[in-house]
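# Coordinate analysis (summary)
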Amino acid sequence: MIYWQIFLAFFIPGIVGYGGGPASIPLIENEVVDRYEWMDVNEFSEALAIGNALPGPIATKMAGYIGYEEGGILGGIIGVFATVAPSLFLMIMLLGFLYRYKESPKVKRMTSYIRPTIAVLLGVMAFNFFFTSYSDSGIWQTIFLVVISFLLMERWKVHPALVILGAMGYGALLMG
């Protein structure tokens, strides 16, 4: 049963998550945190931070990690397959059709309608992460990390992966 749940938890966001990557993260969060309760928001945000620091597509890294945590090696394989399966099937079945109509005004209009929805989903997810951070660590720790992260990335052009690793180290020192 757990393998079927892992498959559904990543296959459904793979189908609905137009554009993949960041667009599917709120959908994966909904499945993993709200529906199956395999993780809480903190654990999910930590897994997301680690996944963002590693190279490659975020959705497959999250699927591999969460699938492995819930179902071992087979669970990780099923999670990754479920993440890429919708795209794989659609590419095989619809490649010729999509190629023929890629410049269609209707297709372009559909894309322009979907992008704001994805922006709202990402905004809600960011707000949830901020609220959880605030309620768990306190306002001063949260403000400190936000300001330092902003300065490191915007003023001193430090790579985001290094900022994430630094914030994780800071959290480990604070909790340890």
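Rules behind the numbers
- Residues numbered from 1 in each chain as written.
- Predicted model: local features only at pLDDT ≥ 70, side-chain atom pairs only at ≥ 80, totals over all residues.
- Heavy atoms only, no water.
- Axes fitted to C-alpha atoms, helices over the stretch in contact; angles between N-to-C directions.
- Helix = DSSP H or I, 4+ residues; strand = E, 2+ residues; numbered from the N terminus.
- Parallel < 35°, antiparallel > 145°, perpendicular 65-115°, else oblique.
- Contact = heavy atoms within 4.5 Å.
- Nonpolar A, V, L, I, M, F, W, Y, C, P; charged D, E, K, R; others polar.
- Patch = residues over 30% accessible without salt bridge, like charges linked within 9 Å, V, L, I, M, F, W, Y side chains within 5 Å.
- Areas by Shrake-Rupley, 256 points an atom, 1.4 Å probe, with all protein chains shown as cover.
- Salt bridge = Lys/Arg side-chain N within 4 Å of Asp/Glu carboxyl O.
- Lys, Arg positive; Asp, Glu negative; His and termini not counted.
- Charge placed at Lys NZ, Arg CZ, Asp CG, Glu CD.
- Buried < 20%, exposed > 50% of the residue type's maximum accessible area, 1.4 Å probe, protein only.
- Left-handed = near helix turned anticlockwise from the far one by under 90°.
- Expected span 1.5 Å × (residues − 1).
- Polar contact = N/O pair within 3.5 Å; in protein donor to acceptor, adjacent residues only side chain to side chain.

## Some points on the packing of helix α2 (residues 25–35) against helix α5 (residues 105–137)
Relative orientation and spacing of two packed helices are given, respectively, by the angle between their axes and the distance between those axes. Here α2 crosses α5 at 55°, and the two axes come no closer than 9 Å. In terms of orientation, α2 and α5 fall into the oblique class. When α2 is examined against α5, the residues I25, P26 and E29 are found in contact with a partner set consisting of L121, L122, M125 and F129. Taken together, the residues that form the contact of α2 with α5 break down as six nonpolar, no polar and one charged.

## Considering a negative patch on the surface
Negative charge collects at one region of the surface, where D40, E43, E46 and D136 lie side by side. Structurally, D40 is set in the loop between α2 and α3 (41–53). The class for D40 is partly exposed, based on a relative accessible area of 38%.

## Looking at the packing of α2 against α3
The interhelical angle for the contact between α2 and α3, taken along N-to-C directions, is 140°, at an axis separation of 10 Å. With respect to α3, the axis of α2 lies oblique. For the pair α2 and α3, the crossing hand works out as right-handed. Counting all contacts with α2, which are made through I25, I28, E29, V32 and V33, the residues of α3 involved are V41, F44 and L48.

## Some points on α3
Helix length check: α3, at 13 residues, gives a terminal C-alpha distance of 18 Å against a target of 18 Å (1.5 Å per residue), a fit within 8%. Among all positions of α3, only F44, A47, L48, A49 and G51 are buried. One side-chain oxygen at the N-terminal end of α3 lies 3.1 Å from the backbone nitrogen of N42; it belongs to D40.

## Some details on the environment of F10
Structurally, the position occupied by F10 is in helix α1 (residues 2–16). Residue F10 is classed as buried on the basis of its relative accessible area, which comes to 2%. Apart from residues lying up to four places away in sequence, F10 is in contact with I28, V32, M62, A63, I66, G79, A82 and T83.

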